[in-house]
Amino acid sequence: AQIAMLPIIRKVIELQKVQSERHELTLEFLGGHDLVVGDAGKLEQALTNLIGNAIKYSPDGGEVKIIVFEKNSMLNIEIQDEGLGIPPEAMDKVFEKFYRVDNSDRRSIGGTGLGLAIVKEIIHVHDGEIEVRSKYGEGSTFTITLPVSSFD
Ligand code: ATP
Ligand code: MG
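Residues numbered from 1 in each chain as written. Chains lettered and ligands numbered in written order. Predicted model: local features only at pLDDT ≥ 70, side-chain atom pairs only at ≥ 80, totals over all residues.

1. Considerations on the site of ligand 1
Working step 1: Around ligand 1, 22 residues are found, and the nearest of them are Tyr57, Val101, Gly111, Gly115 and Leu116.
Working step 2: Of all the elements in the fold, those that place two or more residues in the shell around ligand 1 are helix H2 (40-56) and helix H3 (115-125).
Working step 3: Residue composition of the shell around ligand 1, by class: 10 nonpolar, 9 polar and 3 charged. (Near = placed C-beta within 6 Å. Helix = DSSP H or I, 4+ residues; strand = E, 2+ residues; numbered from the N terminus. Nonpolar A, V, L, I, M, F, W, Y, C, P; charged D, E, K, R; others polar.)

Spelled out as structure tokens, the structure:
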């Protein structure tokens with residue numbers, strides 16, 4: 001099915017806001033088309049995992065910024081946080097099943113290490129890509145790109 005992503009993004013933000021009083025969740029739409037072909041429930045799950053991580057790994061709060069725009073027929077969705085960041089040696093591994101960063105800064109934060117593996121799987125099934133940039137101790141940005149639907 002053809003899916004408008006902006007309403008899904010807004011819904012996930014509203015649902016996640018409830019459990020994050022110390023975070024400011026903001027959405028910036030910079031223009032373009034937001035239609036993709038795929039499974040709305042799965043794409044919602046992917047966004048929930050990413051925004052959930054952004055909140056969970058920012059224990060001191062801060063801004064979680066979601067930036068959305070179309071470029072070269074790809075819909076870009078960036079999730080930026082001001083949290084713990086990811087150590088350089090873990091950057092390649094965070095998308096692996098059951099991998100969790102085992103540093104003292106996050107030892108008390110629970111999880112199974114499946115969230116990002118699921119996100120990667122969902123995005124790849126939709127012919128998209130996922131990338132991460134991070135500065136350890138300053139924050140992380142996860143970017144997903146999905147082909148924009150060309151039917152009208
Ligand atoms: P689950 O999502 O299954 O409950 P999890 O959050 O530990 O558990 P993933 O979502 O796959 O698992 O993330 C893997 C690891 O990557 C996490 O343990 C965490 O250390 C790191 N990580 C993921 N997202 C962020 C983020 N936004 N900021 C800092 N570290 C992150
Ligand atoms: Mg997670």
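2. Focus: the confidence of the model for the chain
Parts of the prediction with low pLDDT should not have their coordinates interpreted in detail.
Working step 1: A residue-level look at the chain finds 99% of positions with pLDDT of 70 or above and a mean pLDDT of 96.
Working step 2: In the predicted assembly, ipTM is 0.99 and pTM is 0.97. (pLDDT = per-residue confidence, 0-100.)

3. Some remarks on the nonpolar core
Working step 1: Core analysis: the biggest nonpolar cluster contains 29 residues, and Ala46, Leu47, Leu50, Ile51, Ala54, Ile79 and Val119 have the highest contact counts within it.
Working step 2: For this core, the elements supplying multiple residues, two or more each, are helix H1 (5-17), H2, strand S4 (62-71), strand S5 (74-81), H3 and strand S7 (139-147).
Working step 3: With 7 residues, the single largest contributor to this core is H2. (Core = buried A, V, L, I, M, F, W, Y, C linked by C-beta atoms within 7 Å. Buried ≥ 20, exposed ≤ 12 C-beta atoms within 10 Å, placed from the backbone.)

4. Overview of the packing of H2 against H3
Between two packed helices, both the angle of their axes relative to each other and the distance between the axes serve to describe the pair.
Working step 1: The N-to-C vectors of H2 and H3 enclose an angle of 145 degrees; their axes lie 9 Å apart at closest approach. When you trace H2 past H3, the crossing you get is left-handed. Together, Lys42, Leu43, Gln45, Ala46, Asn49, Leu50 and Asn53 of H2 and Gly115, Leu116, Ile118, Val119, Ile122 and Ile123 of H3 make up the contact between the two elements.
Working step 2: A class-by-class count of the residues in the contact of H2 with H3 yields 8 nonpolar, 4 polar and 1 charged. (Axes fitted to C-alpha atoms, helices over the stretch in contact; angles between N-to-C directions. Left-handed = near helix turned anticlockwise from the far one by under 90°. Contact = placed C-beta atoms within 7 Å.)

5. Digging into the pairing of S7
Working step 1: Looking at chain direction, S5 and S7 are connected through 8 bridges and run antiparallel. Its bridge partner being in S7, methionine 74 is matched across the sheet by proline 147.
Working step 2: For strand S6 (residues 129-135) and S7, the ladder comprises 7 bridges, and the chain directions are antiparallel. Bridge pairing in S7 places glutamate 131 opposite threonine 143.
Working step 3: Linking S6 back to S7 in an antiparallel pair, the connection comprises 3 residues, with glycine 137 at a positive phi of about 90 degrees. (Pairing = 2+ DSSP bridges.)

6. Quick word on H2
Working step 1: For H2, built from 17 residues, the straight-helix expectation of 24 Å at 1.5 Å per residue is met to within 8% by its first-to-last C-alpha distance of 24 Å.
Working step 2: Buried residues of H2: Leu43, Ala46, Leu47, Asn49, Leu50, Ile51, Asn53, Ala54 and Ile55, and no others. (Expected span 1.5 Å × (residues − 1).)

7. A few points about the sheet that holds S4
Working step 1: Pairing within the open sheet is mixed, and its 5 strands lie in the order S2-S4-S5-S7-S6. The open sheet has two edge strands, strand S2 (23-29) and S6, and neither has a second partner. The average angle at which neighbouring strand axes cross in this sheet is 15 degrees, direction not considered.

8. Here's the deal with H3
Working step 1: Turning to H3, its buried residues are Gly115, Leu116, Val119, Lys120, Ile122 and Ile123. End-on view of H3: buried residues confined to an arc of 165 degrees, all on one side of the axis.
Working step 2: Packed against the buried residues of H3 are H2, S6 and S7.
Working step 3: Once H3 ends, the next one or two residues include aspartate 127, with phi positive near 60 degrees. (Arc of directions from axis to C-beta.)

9. Topic: unusual backbone geometry
Working step 1: Phi at asparagine 72 is positive, roughly 50 degrees, even though this residue is not glycine.
Working step 2: Here asparagine 72 falls in the exposed class, since 8 other C-beta atoms lie within 10 Å of it.
Working step 3: Of note in the backbone geometry, serine 73 takes a positive phi value of approximately 65 degrees without being a glycine.
Working step 4: Relative to the assigned elements, serine 73 resides in the loop between S4 and S5.
Working step 5: Judged by the 12 C-beta atoms lying within 10 Å of it, serine 73 falls in the exposed class.

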